[in-house]
Amino acid sequence: MTQAFAIADNVYQVGVVDWNLRDFHGYSTFQGSTYNAFLILDEKVTLIDTVKKQFADQLLDNIAQIIDPKKIDYVVSNHTEMDHSGSLPRVMHYIGEDKPVYCSRMGEKNLSMHFPGKLNTRVVKDQEQLQLGQKTLTFLETRMVHWPDSMFTYCNEDKILFASDGFGQHFAGPGRFDDEANQAEVMFQAKKYYANILLLYSPLIAKLLKKVSDLGLPLDMICPDHGVIWRKDPGKILKAYSEWSSGTTERKAVVIYDTMWNSTKLMAEAIVDGLEAEGITAKPMHIRSSDRSKIMTDVLDAKAVVVGSPTLNNQIFPTVADILTYMKGLKPMHKIGAAFGSYGWSGESVKLISEELEAMNFDMLDQNLRIQFVPDTEKLKSCFEYGRTIGQKVNAALDTGDA
Ligand code: FEO
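Residues numbered from 1 in each chain as written. Predicted model: local features only at pLDDT ≥ 70, side-chain atom pairs only at ≥ 80, totals over all residues. Heavy atoms only, no water.

## Examining unusual backbone geometry
- In the segment running from V145 into H146, the intervening peptide bond is cis, with an omega of 10°.
- The phi angle at D49 is positive, at roughly 70°, despite the residue not being glycine.
- Mapped onto the elements, D49 comes out in the loop between β8 (46-48) and α1 (56-64).
- Even without being a glycine, M144 presents a positive backbone phi close to 65°.
- Looking at where M144 falls in the secondary structure, it is placed in the loop between β13 (136-141) and β14 (151-155). (Helix = DSSP H or I, 4+ residues; strand = E, 2+ residues; numbered from the N terminus.)

What follows is the structure in structure tokens.
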């Protein structure tokens with residue numbers, strides 16, 4: 001972003017756009033990202049969050065389009081992760097290191113371990129208020145959404161929720177607001193963000209949504225620290241979060257696999273055909289033709305997760321082990337699981353996959369499917385039937401009201 005812009009009366013977006021970002025600590029970001037920061041002009045001029053360290057000067061330049069940065073009185077740090085705090089030392093050095101940085105109790109602890117001795121932190125409690133003059137900020141502790149230090153900041157008069165990583169998307173643009181950007185792309189990126197960053201905290205997010213609802217805070221605008229600002233329809237992303245955090249699934253399956261000589265690939269495609277024959281939306285996802293963050297986005301609302309691997313050196317193929325480890329950490333809920341694979345002689349991979357999926361509390365098929373070497377026509381028929389069996393289990397679960 002080379003231009004700061006107003007989002008409400010005396011409230012500005014002064015963050016930056018990272019058009020070229022393609023990898024965010026291992027998460028694929030093919031649409032880049034933004035690091036949003038917000039400037040409030042009042043008797044006490046306040047900056048909410050900063051940006052990655054390498055964009056510090058751009059942040060200061062953006063602020064300077066509105067006001068001399070040295071006139072900032074207060075800084076709020078909603079979250080310590082360095083895409084939002086990396087510029088804090090530079091900003092504070094420029095505006096005055098004695099100025100207060102408001103943060104949660106865990107924020108103070110975590111900031112002190114990132115920037116020892118550099119910040120004049122002031123701890124705020126949940127629902128504590130800070131008067132800026134005409135405007136009032138209310139701090140909402142959102143611990144573990146998604147770090148122990150995380151909090152939201154709400155501007156009472158403007159009805160704006162500054163939501164840190166919550167409701168964010170790795171999306172550089174075009175479009176700065178929900179009504180200016182491609183809706184399908186923004187919702188896909190919001191879903192991807194949820195699936196890869198927030199999914200394991202779903203129970204806490206469900207509680208947080210209830211807390212915000214119980215507080216009765218009117219929300220005219222939700223300002224995440226990544227991607228577009230929700231101003232036209234904040235309810236749309238709130239509704240999506242409600243569904244994602246409750247683990248709602250669709251009549252959908254993902255068949256995740258890797259392959260050495262295409263035998264497990266042939267099995268995957270026949271299983272997909274069988275799933276489709278039962279009316280299940282399904283697709284094969286070859287791990288090396290996709291990436292783990294895209295796969296998790298599809299896993300989020302799928303009812304069935306079917307994982308296939310050849311056996312290599314008595315083990316699961318390494319890329320399959322990678323996605324299983326990643327998926328286990330994110331704790332997807334309410335899934336039916338199944339395992340399959342081609343093998344040469346020992347064939348351990350299917351059993352090992354099955355154990356991993358069981359450890360994730362997936363409702364497993366009674367039988368897994370192993371085929372030695374290359375599947376012939378008859379064996380591909382058995383794969384098709386296996387897909388149908390999984391599809392029937394999906395339909396039975398959803399028809400009885402299971403999520
Ligand atoms: Fe966008 Fe958790 O940092």
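## Regarding the domain arrangement of the protein chain
- Annotation of the protein chain at the domain level lists domain 1 (5-246) and domain 2 (253-394).
- The gap between the C-alpha centroids of domain 1 and domain 2 is 38 Å.
- Counting residues at the interface gives 16 residues for domain 1 and 15 residues for domain 2.
- Carbon and sulfur atoms make up 63% of the surface buried where domain 1 meets domain 2, a total of about 1,300 Å² over both sides.
- Considering only the surface of domain 1 that becomes buried against domain 2, K191, N196 and L199 emerge as the three largest contributors, covering 39% of it.
- Counting across the interface, domain 1 meets domain 2 through one salt bridge.
- In this structure, the connection of domain 1 to domain 2 is made through six residue pairs in polar contact (both at pLDDT 80 or more).
- If you list the elements that add at least two residues to the side of domain 1 that touches domain 2, you get β5 (27-28), α5 (183-198) and α7 (234-245).
- At six residues, α5 tops the list of elements feeding residues into the side of domain 1 that touches domain 2.
- Partitioning the side of domain 1 that touches domain 2 into residue classes produces eight nonpolar, six polar and two charged. (Domains from an automatic or database assignment. Contact = heavy atoms within 4.5 Å. Buried area = accessible area lost by both parts, 1.4 Å probe. Salt bridge = Lys/Arg side-chain N within 4 Å of Asp/Glu carboxyl O. Polar contact = N/O pair within 3.5 Å; in protein donor to acceptor, adjacent residues only side chain to side chain. Nonpolar A, V, L, I, M, F, W, Y, C, P; charged D, E, K, R; others polar.)

## Comments concerning the packing of aromatic side chains
- Per the counting criterion, the structure on display carries 11 aromatic pairs.
- A ring pair is formed by Y102 and F139, whose centres lie 6.4 Å apart and whose planes are at 15°; its orientation type is stacked. Of this pair, Y102 sits in strand β10 (residues 100-103) while F139 sits in strand β13, and the two are 37 residues apart along the sequence. Exposure class is identical for Y102 and F139. Each is buried. (Phe/Tyr/Trp six-rings, centres within 6.5 Å; stacked < 30°, edge-to-face > 60°. Buried < 20%, exposed > 50% of the residue type's maximum accessible area, 1.4 Å probe, protein only.)

## Let's talk about the pattern of salt bridges
- What the rule picks out here adds up to 23 salt bridges.
- Taking the shortest distance from any N to any O, the salt bridge between K135 and D158 comes out at 2.6 Å. A residue pair is termed long-range when its members are at least 10 positions apart, and K135 in the loop between β12 (129-131) and β13 and D158 in the loop between β14 and β15 (160-162) qualify at 23 residues.
- Between K252 and D301 there is a salt bridge, and its shortest N-O distance comes to 2.6 Å. Highlighted residues: K252 in strand β17 (residues 250-257) and D301 in the loop between α9 (292-300) and β19 (302-308), separated in sequence by 49 residues.
- Residue classification places K252 among the buried positions, given a relative accessible area of 11%.
- Under the relative-accessibility criterion, D301 is labelled buried at 9%.
- Salt bridges sharing partners connect three or more residues here, namely K191, K252, K283, K294, D298 and D301.

## As for the sheet that holds β13
- Taken in spatial order, the five strands line up as β12-β13-β14-β15-β16 in an open sheet, and their pairing is mixed. Among the strands making up the open sheet, the edge pair consists of β12 and β16 (221-223). Strand after strand, the sheet turns through a mean of 20° between neighbouring axes, direction not considered. (Pairing = 2+ DSSP bridges. Axes fitted to C-alpha atoms, helices over the stretch in contact; angles between N-to-C directions.)

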